[in-house]
Structure formats: C-alpha cells, structure tokens
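Coordinates in review
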Amino acid sequence: MFKNMIVYRIAPEWQAELTQVDEALAKLPFAECGATQEKSIGWVPPRGEAHGPMAESVGGHWVLRFMVETKVLPGSVLARKVKDKAARIEQETGRKPGKKESKELKEEAKLDLLPMAFTKQGSMWVWIDPKAHFLVLDTSSQGRADEVTSLLVEALPGLSVSLLDTQTSPQAAMSHWLKEQEPPAGFSVDRECELKSADETKAVVRYSRHPLDIEEVQAHIDAGKLPTKLALTWNDRVSFLLTEGLQLKKVSFLDTVFEGQGAGKDDGGFDTDVAIATGELSQLIPDLIEALGGEGRTGLGDGAPAAAAPASATAAPAAGDDDAPF
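So, here is what we can say about the structure in this document. (Residues numbered from 1 in each chain as written. Predicted model: local features only at pLDDT ≥ 70, side-chain atom pairs only at ≥ 80, totals over all residues. Heavy atoms only, no water.)

Each helix and strand in the chain was counted, giving seven helices and 12 strands. By residue count, 43% of the 326 residues in the chain fall in the buried class. Contacts in the chain between residues at least 24 apart in sequence constitute 70% of all its contacts with a sequence separation of at least 6. Surface accessibility of the chain: about 16700 Å² in total, with carbon and sulfur atoms responsible for 49%. (Helix = DSSP H or I, 4+ residues; strand = E, 2+ residues; numbered from the N terminus. Buried < 20%, exposed > 50% of the residue type's maximum accessible area, 1.4 Å probe, protein only. Contact = heavy atoms within 4.5 Å. Areas by Shrake-Rupley, 256 points an atom, 1.4 Å probe, with all protein chains shown as cover.)

Listed below in structure tokens is the structure:
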C-alpha cells in the first residue's frame, strides 16, 4: 500500500461526509471489459469485500481503490489481421484498399480480435486526508494520476485539487543537500541518486547502493548536472526516492515502524495496514514540505485560488507511462 506517491493539495473550502463520497463513487463501480471493450475503469470496495462500501475510514483517513482493466492486443497481431483483410479485398475486387478503407479495416479487425484478447488488471490506492486537506495517489504515472483526479473532481461536487508545490524546488534542494552534505532535519541521504546534465548532451549518471558523500558527486554537480532522483530516509522510519517532480517512489516502511505491532503489519489486516501507512505518511509529508521551504505560491493551503484537475486528464495514459496498468 502506497509504494509510490503523488500528492495533491485539496482546496480548504471543500467539505464532504464519507457517506457522500461513498455514494458518489458507487455510481461508477468497476466492471470487467465487455467482449469488444478495450478498457474499463471504476471503483471497487477497498477491503475487497463484495458489495462493501467504496470509501473506508480508518482513524479519520479515507481510503478508496480505483481499478482498471485493459485488453492486451499486440500490434503485430492486429497488423497481420488487417493485412489478411486487405489481401482478401484485393483478391476479390482486384484493387487495394485506400487510406480511409484501411482505417475502417483496422477498426473491424480490432473488433474481431478483442473478444479473444487477454485482459490485464491493475488498481490504485487513493487516500484522502480530510483534516489536512491532502489527496495522495499510489502511482508513479502522472497521466494516470490526472485521470483519477479528473474522475474525482467530476464525481465530488466542489472538489478542487492542485499538485503539491513548494517554495524550493526538489531539484534545487537535492542539489544543495548533496553538495553541502547537509540533509534537512529528520532526514538522511541514502545510497541512490540520479544526476542529469541540463545541456544538449543530456548526460546521466546513476548511483545505486553507493555512498554519495564523495567528491565525485560534488564534481558532477559543479559541472552542471542536477539531481533528478535522490534516496532519503525520514526519522529512521520511512525510506523513499524523491524525484524532481516532487513524487515519492519506492516508499518503504522500516522495521522501527512495526515495533509493537505483534507479528507484523499483515497480522492486523486492512485496518492495521491503513493505520500504519497513513499514520507515518501524514507526518512525513509536512516534514518534507518544511524541508523544501514550505508550500509554494500555487499551493491551495495558503489561500491561493483552487485549481481543478486539467480537462485533458481524462485522456488515456501515454503508452510510455511506467507501472502499467498501475
């Protein structure tokens, strides 16, 4: 739960009850793809119980689960089917299909193949902290995050969100921490980072399981390379990889988090998992914001105008997005 994090600020004027959220999401329940349907999206009960609520509250934190299913249709298979159809037309009529007809053949071939295609499912955890006004999505794909936030804005009246923004950019902060070897209070620099050149060469240097308090790293920064990823640990409790876009990847809860939890986090099931994750992360996020100089001018917590998710966010995720389908 919450292996990756994209954090949004919810406009402070938005107020809703858990029952209202549950009723709104119940209008878009997930259903598996139909025979000729390429993609299906919707909400499922977070606990995994049939006919359970779509929104759960644990310790005042609301948890939702978004599901997507896509049909896997290899391009080579589709191209071969289209080629066979075109060859049949040429054999029967003595002419090659034109551009418009070829496009229609492709759609026809797709409809023929979809009922036989394999399906791929994926889900995304969604966490709403109604008191702190944070929305957190468990994904590393901004395209998929935009899709889900757009659905939430459409479903929940008055909801406006904006990507979390800070006074100091993560890239500038990471560069300072590495160069000066002075991580912010409560954080320590771990053994992984990526440095990328800003010039036309786009040169990239990656360190993995390697100490970063070395002159070589500082020399790369002096030469103009900027950090795009940096591994950090917060209070010896949570490790993560901070990106230049203020995403948290590879989130991992350390052993100290589970001390006093008996047999471990799996022993308590859903409620324990949610309580541990939200309990730790709801403290980490404010500390990270403080380490980055506080929220920026576009943050909604300082009274700036609320911004809804972009209209284009409902478009399908780009093919290059990682963690497909989530």
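Now that the structure has been shown, the text picks up again.
With that settled, consider the packing of aromatic side chains. Applying the stated criterion to the full structure yields four aromatic pairs. Pairing Trp43 with Phe66 gives two aromatic rings, centres 5.1 Å apart and planes at 70 degrees, and the pair type is edge-to-face. Here Trp43, found in strand E2 (residues 39-44), pairs with Phe66, found in strand E4 (residues 61-72); they are 23 residues apart in sequence, far enough to count as distant. By the burial criterion, Trp43 is buried, and Phe66 matches it. (Phe/Tyr/Trp six-rings, centres within 6.5 Å; stacked < 30°, edge-to-face > 60°.)

What follows deals with the nonpolar core. Counting residues in hydrophobic clusters, the biggest one holds 44 residues, and the most contacted among them are Phe240, Leu242 and Leu281. Per-element tally for this core: the top contributor is helix H7 (residues 269-291), with nine residues. Here Leu281 is in contact with Phe2, Met5, Trp127, Val238, Val251, Phe253 and Pro286, once residues within four sequence places are set aside. Membership of the second largest hydrophobic core comes to 26 residues, among which are Val21, Met54, Val126 and Val148. (Core = buried A, V, L, I, M, F, W, Y, C linked by side-chain atoms within 4.5 Å.)

Residues three or four positions apart in an α-helix share a direction because the helix packs 3.6 residues into each turn. Within helix H6 (residues 215-222), the full set of buried residues consists of Val217, His220 and Ile221. Looking down the long axis of H6, one finds its buried residues gathered within 100 degrees of arc, a one-sided arrangement. Residues of H6 that are exposed and point more than 90 degrees away from the buried face comprise Glu215 and Asp222. Structurally, H6 contributes buried residues whose contacts are with helix H5 (170-180), strand E8 (187-197), strand E9 (204-208) and strand E10 (225-234). Following H6 by one or two positions, Gly224 adopts a phi angle in the positive range, close to 105 degrees. (Arc of directions from axis to C-beta.)

The next thing to look at is the sheet that holds E9. Strands pair in a sheet through their backbones, by hydrogen bonds, and they do so in one of two ways: parallel or antiparallel. Pairing within the open sheet is antiparallel, and its five strands lie in the order E9-E8-E10-E11-E12. Here the strands that pair on one side only, and so sit at the sheet edges, are E9 and strand E12 (248-253). Neighbouring strand axes in the sheet, compared pairwise and without regard to direction, differ in orientation by 15 degrees on average. Packing against the sheet, H6 makes contact with E8, E9 and E10, and its axis sits at approximately 155 degrees to E9. In the packing of H7 onto the sheet, the strands contacted are E8, E10, strand E11 (238-243) and E12, and the crossing angle to E12 comes to about 130 degrees. (Pairing = 2+ DSSP bridges. Axes fitted to C-alpha atoms, helices over the stretch in contact; angles between N-to-C directions.)

In this structure the tally under the stated criterion is 12 salt bridges. The salt bridge involving Glu295 is made with Arg9; its shortest N-O contact spans 2.3 Å. Here the residue Glu295 occupies a position in the segment after H7, and Arg9 occupies one in strand E1 (residues 6-10), the gap between them amounting to 286 residues. A relative accessible area of 10% means that Arg9 is categorised as buried. (Salt bridge = Lys/Arg side-chain N within 4 Å of Asp/Glu carboxyl O.)

Within the secondary structure, His61 is located in strand E4. What makes His61 buried here is its relative accessible area of 13%. Separated by 217 residues in sequence, His61 and Thr278 place their C-alpha atoms 7.1 Å apart. Here Trp127 takes part through its side chain, which lies 3.1 Å from a polar atom of the side chain of His61. (Polar contact = N/O pair within 3.5 Å; in protein donor to acceptor, adjacent residues only side chain to side chain.)

That is the geometry; function is a separate question.
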